[in-house]
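Summary of the model geometry
Given next are the chains, with one letter for each unit.
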Amino acid sequence: MIDPRILRDEPDRVRASQAKRGASPDVVDRALEADTARRAAIAAFEEKRSAQKTFGKQVAQASGDEKQALLAQVKQLSAEVKDLEAAQTTADEAWTTALKAIPNVVADETPAGGEDDFVVLEEIGTPRDFAAEGFEPRDHVELGRMLGAIDLERGAKVSGSRFYFLTGVGAQLELALVNLAMEQARGAGFTQVIAPSLVRTEAMAGTGYLDQGGGEDIYRIEGEDLYLVGTSEVPMAAYHSQEILDGASLPRRYASFSPCFRKEAGSHGKDTKGIIRVHWFDKVEMFVYATLEDAADEHQRLLAWEKEFLDKLELAYRVVDIAAGDLGGSAIRKFDCEAWIPTQGKYRELTSTSNCTDFQTRRLDTRGRFGDRTGPIATLNGTLTAITRAIVAVLETHQQADGSVRVPQALRPHLGGLEVLEPVSR
RNA sequence: GGAGGCGUCGCCUAGUCUGGUCUAUGGCGCCCGCCUGCUAAGCGGGUUUGGGGCUACAACCCCAUCGAGGGUUCAAAUCCCUCCGCCUCCGCCA
């Protein structure tokens, strides 16, 4: 949730942000009304409660008839306190609901508009010209089959559509990518984490995911208060919930591995072929707790680390500044790195990094201690590598005419020195 | 999964049976000051968090906060219920 002070003191800033997202400003006024009502309810309750407490002390000291007389008087007061407390609770819940309905206030730099209004910040590398090389590129499905790396048929047989098995060099490739990512993260001072991929409602709601379309894309475990996470951003955001972190310890950087589960409910018919869009994949995610002042700079650093990794995979990609309407509700700004996918003839998202400022920490009750006071802190997240999409980009980009795939230099040490993935006969 | 025990303001801890000066005890740690060639020791003071009022987001006043949420009561750390977590034993298992 956003800072209530911004809502109170600068409601127009919030309205402007809503406009930039292409969303209604009504939520702002509803929240302001709820705030006024809540504060009135608090004042009413506290006044009566204070009177009740004073009375209670007299009761404790009195005895006999005097005590009975006091008890008779205070009984009515007690009933009033109870009603006012209930009213306060109701008003407070209404306020929280209204406040949570407001997405984060987007950054000034964030482009206005929707999905198609992104701004390309830079293009790195040059897409391979297969025509000039004299052969037609195979897509990752065919390459995966030839290499014995990806088994979609059996994935569908066992688990249904949008599932896969990684086999042989495919499995090796995943572990190599994970190791390369973790190695880089470790070198940059990140704490490596293996995070739980099932979390409680509290954690899932804290990141803001349940508010976006009511969690349509999220798997829930039947009969239990557990959700399967779509990213380890969720457990890592909840990791320090209800904690006060030493301000001097910031930024705290985590590189977290976890499987990710997504229903992909809203993407029927999209990317049905291959492993571009699947119900489950593994991912190494960077997650950072930082000061509010440092958050924008840290966001750039996360982007730099993402680029460093894509450079190691020797991919052609571009960096995109996502428009306000296409941001998650938690983020004020988001950069995607999109790699060139030869057989699709376009750039596809491989990594994504968001600056969520204090939006998540407010919900999850994570604060910082700065000297003798406590204050809000920021969270940021960024993909180091999402395995399936990395595999797609690597296979398609580095394929050779005979269906073999050249292994990028940086990956070789993690594949036992393997320089080329060769087709296998099955 | 079964049985039992436990959860107090950074850490440890008193208090819970017998509800009411608990505005929660004491120790450790930490912070400020005094003392002191320096350090240590000693002495004095301070030290949960959130919210509301008023305001300079100070001071001050008030409310809540004893794992969480309900309930009983004039009054709950204390009694009752539900949930969560931890520990011990048993069962099961990678």
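Not measured: the values here are computed from a predicted model.

**What to know about the domain arrangement of chain A**
Each assigned domain of chain A is listed with its residue range as follows: domain 1 (4-100) and domain 2 (119-421). On a C-alpha basis, the centres of domain 1 and domain 2 stand 43 Å from each other. Carbon and sulfur atoms make up 49% of the area that domain 1 and domain 2 hide from each other, which totals about 490 Å². Scanning the region where domain 1 abuts domain 2 turns up zero salt bridges. Remark: the boundary between domain 1 and domain 2 carries two residue pairs in polar contact (both at pLDDT 80 or more). For the side of domain 1 that touches domain 2, the residue count by class is one nonpolar, no polar and three charged.

**Considering the protein's contact with RNA strand B**
Near RNA strand B lie 24 residues; those nearest to it are Arg49, Lys53, Arg200, Arg367 and Thr374. Counting only atoms of RNA strand B within 4 Å of the protein, the fraction found in sugar and phosphate groups is 77%. Arg49 is positioned with one of its side-chain polar atoms (N or O) 2.4 Å from a phosphate oxygen of RNA strand B. At the level of secondary structure, the elements contributing two or more residues to the surface near RNA strand B comprise helix H3 (26-61), helix H4 (64-100) and strand S14 (366-370).

**Here's the deal with the packing of H3 against H4**
Interaxial distance between H3 and H4 falls to 8 Å at its minimum, and their mutual angle equals 160°. When the axis of H3 is compared with that of H4, the two are roughly antiparallel. Two packed elements cross with a definite hand, and for H3 against H4 that hand is left-handed. Looking at the contact of H3 with H4 residue by residue, the classes come out as 22 nonpolar, five polar and nine charged.

**Here's the deal with the side chain of Asp336**
On the secondary structure map, Asp336 appears in strand S12 (residues 333-341). Lys334 is the oppositely charged side chain nearest to the buried, salt-bridge-free Asp336, at an N-O distance of 4.8 Å. Here the side chain of Asp336 touches Ser352 through a polar contact of 2.8 Å, side chain to side chain. Aside from chain neighbours lying at most four places away, what touches Asp336 is Arg318, Val319, Val320, Ile322, Glu349, Thr351 and Ser352.

**Observations concerning the sheet that holds strand S15 (residues 373-376)**
Read from one edge of the open sheet, three strands run S8-S14-S15, paired in mixed fashion. Taken across any chain shown, the strands that pair with only one partner, and hence form the sheet edges, are strand S8 (243-246) and S15. Sheet twist, expressed as the average angle between the axes of neighbouring strands with direction ignored, equals 40°.

**Quick word on the pattern of salt bridges**
By the definition in use, this model includes 28 salt bridges. Across the salt bridge formed by Arg38 and Asp35, the nearest N and O atoms sit 3.0 Å from each other. Of the two residues, Arg38 and Asp35 are both situated in helix H3; the distance of three residues between them amounts to about one turn of the helix. Both residues of the pair, Arg38 and Asp35, count as buried. A salt bridge links Asp294 to Arg301; its shortest N-O distance comes to 2.9 Å. The partly exposed category is assigned to Arg301, whose relative accessible area is 31%. By sharing partners, the salt bridges in this structure join Arg8, Asp35, Arg38, Arg39 and Asp92 into a single network.

Rules used throughout
- Residues numbered from 1 in each chain as written.
- Chains lettered and ligands numbered in written order.
- Predicted model: local features only at pLDDT ≥ 70, side-chain atom pairs only at ≥ 80, totals over all residues.
- Heavy atoms only, no water.
- Domains from an automatic or database assignment.
- Buried area = accessible area lost by both parts, 1.4 Å probe.
- Salt bridge = Lys/Arg side-chain N within 4 Å of Asp/Glu carboxyl O.
- Polar contact = N/O pair within 3.5 Å; in protein donor to acceptor, adjacent residues only side chain to side chain.
- Nonpolar A, V, L, I, M, F, W, Y, C, P; charged D, E, K, R; others polar.
- Near = heavy atom within 4 Å.
- Helix = DSSP H or I, 4+ residues; strand = E, 2+ residues; numbered from the N terminus.
- Axes fitted to C-alpha atoms, helices over the stretch in contact; angles between N-to-C directions.
- Parallel < 35°, antiparallel > 145°, perpendicular 65-115°, else oblique.
- Left-handed = near helix turned anticlockwise from the far one by under 90°.
- Buried < 20%, exposed > 50% of the residue type's maximum accessible area, 1.4 Å probe, protein only.
- Lys, Arg positive; Asp, Glu negative; His and termini not counted.
- Contact = heavy atoms within 4.5 Å.
- Pairing = 2+ DSSP bridges.

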